[in-house]
Each structure stands twice: as C-alpha cells, then as structure tokens.
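# Structural overview
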Amino acid sequence: MEGIAHENRQNKKRGSQIEIFNGFIKQVPRAMYYLLDGAFKVAIESEDDIAIYDNTGKIIKIEQLKHKRSDNVLSNTSDDLWGTLYNWIYNYVEEPVKNKYSDNCAFVIFLRNKNYKKSKCLKELLSLGQDTNFDQMIENCENYIKNCKNDDIIKKFNYIKQHKQEATKIIKNFSVVTPQINISCDLNNLIATTYGNTYGSDFLFFANTLNSEYHKLIYNREEEALKKCVITQENLSSIQAKYDKFRIKVQFIQGTLTEKELAQLHNELFVAQLNCIDCDDSIILSAKKSYKSWKNCEEKDLLSGKVTQELLNQTYSNLKDNWENEKLQISPIAYPTPEQQGQYLYSRVQEIPVNVDGIDLQGDKRAISRGAYNYLANKNFDNEYSVGWHPKYKEHLKDWDSNE
C-alpha cells in the first residue's frame, strides 16, 4: 500500500512496539486476568498488547488496550479505531502462516473508559455480519469520514477497503470491551472468586504471593525478551504448587492460664500498656491469654526450625508498619480522648492478619493478631518493633517498673 510506511515489516509487526509504562502496567493485570479466567497461554507485546493462545498454539484472541479518558476515543476519524483495525488487518495480510489464527479469532479493543460514545463508524463496524455486508458497511463509513482532514486515517481506511476478504474476517470478530469496575478491581475480584474458598482466611497472603510471583515472570524482562513474554497455565499452576508445598501448617492454640501465670503476666509491660488506655479486666484477660499463646507458638513452633529469626523479624516489621498506618487513620473527632484513640487502635490492629513467610498459621486469626501485637507491646521502647496504644505511651510509661 503506497503512502504508508512499511519499512519495518520484516522485523516488527505494526502495533506491537514497546508501550510507555502506563500502557505496559495495564497489560500485566489483563494478561493475568485471562490466565485466571482459563486461558491456556497469554503473550504480552507479541501480536498486540495481549494475545491469547489455545493448547494447539493457535491465537484465539488479540486485544489492544486504550487508556484515554475521552468519550470520543473511538470517533469516526479516530486513529484509535482505524489505526487499530488497520494494524490487525495489515498483520493478517502480511502473515505467511495464516493458520496461526484460529478460525474465529476474536479481535478486541479494551477501553478504560466505560462511558465511551459509539460513533456512527463504530456502529457500522460492529454490525458487519449481522445487519450489513462489507460493501454496505464500508460505504456508510466512507460517508462518515469524507470530511476527514487526516491523510493517514484516509490511507488506513483505503487499505482496509482494498483488503475486503481479510478485513471481513477480522471485523466480523471485532468487539469493544470495557471493565466491570476497572482493570485492577476486576482482577482482584476474579482472584477472590477463584481462590477465596480454597485458602479461606489465608487468602490475602496467597493473593500477595500470587501477585509477587506472577510479576517476577514479567518485570525482569527487557526489550526483546519483553516482546517474547509468554505466561501459561503451567506457570500459574507452578506458583500455586510452590505456595502450597512450602507453607508449613502451624496450629495456634489459645491455651488457658493458671492463677500463677495470670499473676506473673500482670506485671508485664503489655498489661501496663492496656491499663494506660483504661481497658477493662476482660480485655486484659484476653490479652494475657493471646500473648502467652503467641509466645509459646514462637518459641515451640516457629523458631524450632520452621522459620528463621530473620523471617520472623520481617513479620514483626510488617506488623509495626501496619500499626503506624492505623495510627494515621484515627479521627480525633470520632475519638476525642487519648484513651479512646488507644482503645480504637488496639481493636483495629487485631483485624490485621499475621503472615509469616512459608507458614500457614491456623487458628483464631484475631487471637493470633492480638497475641503478636501484645508481644510487640511488651518490648522495650528502644526496640525497633515496639508498639503502644496510648498516643504518648512512651512518655506515660517511661518510669514503668515490672517489679512495682
């Protein structure tokens, strides 16, 4: 086709150039979404942004992502519309191995903007094979773009018009798709649907592991390696198997305490921390039980060869980071006194799950969190993992003495 540069046809497909970061960062979750939805193999930056293959190696779907917020992203004279169709048709025409595409290969434009407007040309294109034939469709579109001043759009349109057979095959299988919520939320919801029941209370930890391992498969690639980025169901299964294999099950037992143990614990710093925010006896009793249970779990299970102190320290570091974040969320209007703020903070951190790398902690999750946080509240104030509940707990307890 004269007038359109094809000098790169031997070494790069049109439409498959490495995208800017904003484009690529959305291709990754879209590829993962398709894998979780059952795709056999997904390629990024191969035939287009996303290409999906069946188990015979044939391409069954090609997707181009559009990130513009404009309502008219697919207007009558939009390059996002005609340029994408042109790229697909040009690639198909130039492809020497035609059977690499399945007979009903889908061609999708995925729009970030759910409220896009359907232009007259887009409506015509989507009607092909239903209400119109190719000649009628192309004639109608030609009328809608006749006043277009963009020579490149006209040249791409004419190329499509001149390749009726290939264009018909592709446009008949062309659709526009938008997210249910947005790309990230749709993926998170699919992960929850797929694995929520399998991992139950450990789901969030598994989801973090899944995301981390999946991104490692992609983000370590550069340039040419990126264009060959192919992720398969086998990769996904390997991530799950790796997670399941190395997660050691540890039962967290919420034990009972003797009168002597209760008395001994009464003089611990974590109890003084709770007294500082006026907690009642029942809360302090629960704290003592959970603290002792966590201490036993750490000494008898976790540090008996199942995890290293270094890994456990990372858990404590994460818990302290979450504690810091929760402190920032406290509303002085809703909780006007320091004691109320401390009680709220203490309650909130018990909702934060305790995740130890490689360990499946089984038991009452709130009791586990309560035990771990009281364990940290019992550390000396100069310890890097020390936490407290009163906004000025270090100042209020600076003269605390366990022997009092």
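Residues numbered from 1 in each chain as written. Predicted model: local features only at pLDDT ≥ 70, side-chain atom pairs only at ≥ 80, totals over all residues. Heavy atoms only, no water.

## A closer look at the environment of Ile218
Structurally, Ile218 can be placed in helix 8 (residues 203-219). Put simply, Ile218 and Val230 are 12 residues apart on the chain and 8.6 Å apart in space, counted from C-alpha to C-alpha. (Helix = DSSP H or I, 4+ residues; strand = E, 2+ residues; numbered from the N terminus.)

## Notes on the side chain of Lys320
You can see Lys320 is positioned in helix 14 (residues 309-328). Although buried, Lys320 forms no salt bridge, and the nearest oppositely charged side chain, Glu324, lies 4.9 Å from it. Dropping the residues within four chain positions of it, Lys320 is found in contact with Asn383, Glu384, Tyr385, Ser386 and Val387. (Buried < 20%, exposed > 50% of the residue type's maximum accessible area, 1.4 Å probe, protein only. Lys, Arg positive; Asp, Glu negative; His and termini not counted. Salt bridge = Lys/Arg side-chain N within 4 Å of Asp/Glu carboxyl O. Contact = heavy atoms within 4.5 Å.)

## Let's talk about the pairing of strand 2 (residues 50-53)
The side-chain alternation of strand 2 yields two buried faces, one formed by Ile50 and Ile52 and the other by Ala51 and Tyr53. In terms of strand pairing, strand 1 (residues 41-44) meets strand 2 through 4 bridges, oriented antiparallel. Its bridge partner being in strand 2, Lys41 is matched across the sheet by Tyr53. Taking the residues that link successive antiparallel strands as the turn, the strand 1-strand 2 hairpin has 5 residues, and the phi of Glu45 there is positive, at about 55°. (Pairing = 2+ DSSP bridges.)

## Points about the pattern of salt bridges
Evaluated as defined, the whole model comprises 13 salt bridges. The salt bridge partner of Glu95 is Lys100, with a shortest N-O separation of 3.2 Å. The structure contains a network of salt bridges with shared partners spanning Glu47, Glu95 and Lys100.

## Quick word on the nonpolar core
The biggest cluster of nonpolar side chains holds 42 residues, and the ones touching the most others in it are Leu81, Trp82, Leu85, Ile160, Ile171 and Phe174. With 9 residues, helix 2 (residues 79-94) is the largest single contributor of residues to this core. Of all hydrophobic cores here, the second largest spans 41 residues; its members include Cys297, Leu319, Trp323 and Ile330. (Core = buried A, V, L, I, M, F, W, Y, C linked by side-chain atoms within 4.5 Å.)

## Some points on the pairing of strand 4 (residues 101-111)
Regular strands have side chains that alternate between both faces of the sheet. Within strand 4, 9 of the 11 residues are buried, leaving the element largely enclosed by the surrounding structure. Two elements, strand 3 (residues 59-66) and strand 4, share 7 bridges in a ladder whose sense is parallel. Residue pairing for strand 4: Ile62 is matched across the bridge by Phe107. For the crossover that starts at strand 3, traverses helix 2 and ends in the parallel strand 4, the hand is right-handed. (Right-handed = clockwise from strand over helix to strand, strands pointing away.)

## Details of the sheet that holds strand 6 (residues 229-232)
Hydrogen bonding along the main chain pairs the strands of a sheet, whether they run parallel or antiparallel. Strands sit in the order 5-4-3-2-1-6 across an open sheet of 6 strands; the sheet is mixed. In this open sheet, the two edge strands, each paired with only one partner strand, are strand 5 (174-177) and strand 6. Taken pair by pair, the neighbouring strands of this sheet meet at an average axis angle of 20°, ignoring direction. (Axes fitted to C-alpha atoms, helices over the stretch in contact; angles between N-to-C directions.)

## Focus: the confidence of the model for the protein
The share of residues in the protein with pLDDT of 70 or more is 88%, and the mean pLDDT across the chain is 85. Here residues 5-12 is modelled with pLDDT under 50, and outside its nearest four sequence neighbours on either side it reaches 9 contacts, counting other chains as well. Across residues 14-22, confidence stays below pLDDT 50; counting only partners more than four residues off in sequence or on other chains, it has 23 contacts. (pLDDT = per-residue confidence, 0-100.)

## Topic: the packing of aromatic side chains
Per the counting criterion, the structure on display carries 20 aromatic pairs. Above the face of the Tyr33 ring, Arg30 is positioned so that its terminal group lies 5.4 Å from the ring centre. Of note, Lys41 hangs over the ring of Tyr53, and the distance from its end group to the ring centre comes to 4.7 Å. (Phe/Tyr/Trp six-rings, centres within 6.5 Å; stacked < 30°, edge-to-face > 60°. Lys NZ or Arg CZ within 6 Å of the ring centre and 35° of its normal.)

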